[in-house]
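# Understanding the architecture of this molecule
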Amino acid sequence: MARKKNDNYVDLKTQPIPEGQHLLEVDDLKMYFHTEDGIVHAVDGVSYTLDRGETLGVVGESGSGKSVTAMTIMGLISMPPGKIEGGRVMYRGHNLLEMSEEEMQHVRGNDIAMIFQDPMTSLNPVYKIGRQVSEGLRLHRGYTKQQAHERAIELLDLVGIPEPEKRVDQYPHQFSGGMRQRVMIAMALACDPDVLIADEPTTALDVTIQAQIVELMQEMQQKNGNAIIMITHDLGVVADMADKIMVMYAGHPAEFGTADEIFYNSRHPYTWGLIRSIPEQAIDEKKPLTPIHGNPPSLVNLPKGCAFAPRCPYATERCHAERPQKWTGASGHYSMCHYADDDEFVGKYAPDTSRSRGTVPSAIPAADESKGGEA
């Protein structure tokens, strides 16, 4: 039986955002895991802001800390082995990291909701879809069983599931992968959350269904005005929907900026590698993808200097010896690279899509990507 909402709880969504603050502010967040092998620096210094109606894309390879950052915000990390080593997560002026578990239970699903990566493992196989979609409504809104059931049918119809009156009484195994993902979106949107975190919601789906899911999330955002954090390993997924993009590598934010700044004026070699890994729609010729060679480093034993240096074709001795400081542009665009402020370096090695190319003399050739370049 669902718990009734605590009458003493104040719904944070009804409270105004303090003047000068944002809807969600993540400030120098650090989450480490203490294991037998050592300390895993899973999230180390993540910062960003988000307002209503905005979409933040968080991109990076597997193991870069994208999902752990989201799980930390939601208060879903087991402690121990996890431990918050620093930072703040401010939602409407309230620090989520200082809230009790009971308080976070009211925030999760109602104020901040999450679409998990694998809907088959996130949905309970022994409960009907309607019960799972309506659980949040009974918990946070105090709906009766009948009211929640009727609202669940409306939500399933809203996310494009045919015959919702019939489907609401079926089990997860009776749904396709795309349909299960739509159910997860319906669950996340049930209480009209301020912030929707989508953790790789299109990874296991075919291209057609991916486009439908992204379009559905955008439609829901336009209707409800909620903010979206879109976590993915594919820059192409967030190319058209993200207002801001944070590129993560080895638990650190490697680069952060608007979508235009990341795609057309990026200043970090790891971002360049991700851009070059996006398949091009070539008709007359087949262009091979340019992979990022090597593997991400161990988060227990990070390199002494730049974490990306062992895989960077442009790394110098300085890159291997010193950890780079944050370069920040006038707009707030920042990059963790020693040479981010070097226009000649950026103009020489940035991808062809970059507006920075051509800002240096044409006598300087582009880097030979098959061999790597030297700074």
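Residues numbered from 1 in each chain as written. Predicted model: local features only at pLDDT ≥ 70, side-chain atom pairs only at ≥ 80, totals over all residues. Heavy atoms only, no water.

### Comments concerning the overall build of the protein
- Within the protein, the regular secondary structure consists of 13 helices and 12 strands.
- The long-range share in the protein, meaning contacts at least 24 apart out of those at least 6 apart in sequence, stands at 65%.
- By element, 48% of the accessible surface of the protein is carried by carbon and sulfur atoms, the whole surface being about 18,400 Å². (Helix = DSSP H or I, 4+ residues; strand = E, 2+ residues; numbered from the N terminus. Contact = heavy atoms within 4.5 Å. Areas by Shrake-Rupley, 256 points an atom, 1.4 Å probe, with all protein chains shown as cover.)

### Here we look at the pairing of strand β7 (residues 195-199)
- With five of five residues buried, β7 lies mostly within the body of the structure.
- Alternating residues of β7 divide into Val195, Ile197 and Asp199 and Leu196 and Ala198, and every residue in both groups is buried.
- For strand β6 (residues 112-115) and β7, the ladder comprises four bridges, and the chain directions are parallel. Note on β7: the bridge partner recorded for methionine 114 is isoleucine 197.
- Two elements, β7 and strand β8 (residues 227-232), share five bridges in a ladder whose sense is parallel. Bridge pairing links isoleucine 197 to isoleucine 229 in β8. (Buried < 20%, exposed > 50% of the residue type's maximum accessible area, 1.4 Å probe, protein only. Pairing = 2+ DSSP bridges.)

### Side note on the sheet that holds strand β11 (residues 327-328)
- Strand order across the open sheet formed by eight strands is β6-β7-β8-β3-β9-β10-β12-β11, with mixed pairing between neighbours. Every other strand in the sheet has two partners, leaving β6 and β11 as the edge strands with one partner each.
- When strand β3 (residues 55-59) meets strand β9 (residues 244-249), the two strands line up parallel, connected through four bridges. Opposite glycine 57, over in β9, you have isoleucine 245 as the bridge partner.
- The strands that helix α7 (residues 177-189) touches are β6 and β7; relative to β6, the one it contacts most, it runs at about 175°.
- Along the sheet, helix α11 (residues 269-276) contacts β3, β9 and β10 (252-258); its crossing angle with β9, the most-contacted strand, is approximately 105°. (Axes fitted to C-alpha atoms, helices over the stretch in contact; angles between N-to-C directions.)

### Digging into the confidence of the model for the protein
- Taken residue by residue, the protein gives an average pLDDT of 82. The fraction at 70 or more is 87%.
- β9 holds the highest mean pLDDT among the elements of the protein, 94, whereas helix α3 (residues 119-122) holds the lowest, 72.
- This model gives residues 1-7 a pLDDT under 50, and the stretch forms 11 contacts once residues within four places in sequence are excluded. (pLDDT = per-residue confidence, 0-100.)

### Considering the sheet that holds strand β2 (residues 38-50)
- Strands sit in the order β2-β1-β4-β5 across an open sheet of four strands; the sheet is antiparallel. Taken across any chain shown, the strands that pair with only one partner, and hence form the sheet edges, are β2 and β5 (94-95).
- Taken together, the eight bridges between strand β1 (residues 24-35) and strand β4 (residues 82-91) define a ladder with antiparallel strand orientation. Its bridge partner lying in β4, lysine 30 is registered against glycine 86.
- Of the strands in this sheet, β1, β2 and β4 are in contact with helix α1 (residues 66-74), which crosses β1 at around 105°.

### Quick notes on the environment of methionine 230
- Structurally, methionine 230 can be placed in strand β8.
- Note on methionine 230: relative accessible area 0%, which makes it buried.
- Residues methionine 230 and methionine 217, spaced 13 residues apart in sequence, show a C-alpha to C-alpha distance of 10.0 Å.
- Residues in contact with methionine 230, not counting those within four places in the same chain, are Leu56, Gly57, Val58, Ala198, Pro201, Val214, Met217, Val237, Val238 and Met241.

### What to know about α1
- For α1, the full list of buried residues reads Lys66, Thr69, Ala70, Thr72, Ile73 and Met74.
- Remark: glycine 75 follows α1 within two positions and exhibits a positive phi of approximately 70°.

### Considering the side chain of asparagine 110
- Turning to its location among the elements, asparagine 110 is positioned in the loop between α2 (101-107) and β6.
- Residue asparagine 110 is classed as buried on the basis of its relative accessible area, which comes to 1%.
- Beyond its immediate chain neighbours, meaning those up to four positions away, asparagine 110 contacts Asp11, Lys13, His140, Arg141, Cys191, Asp192, Pro193 and Asp194.

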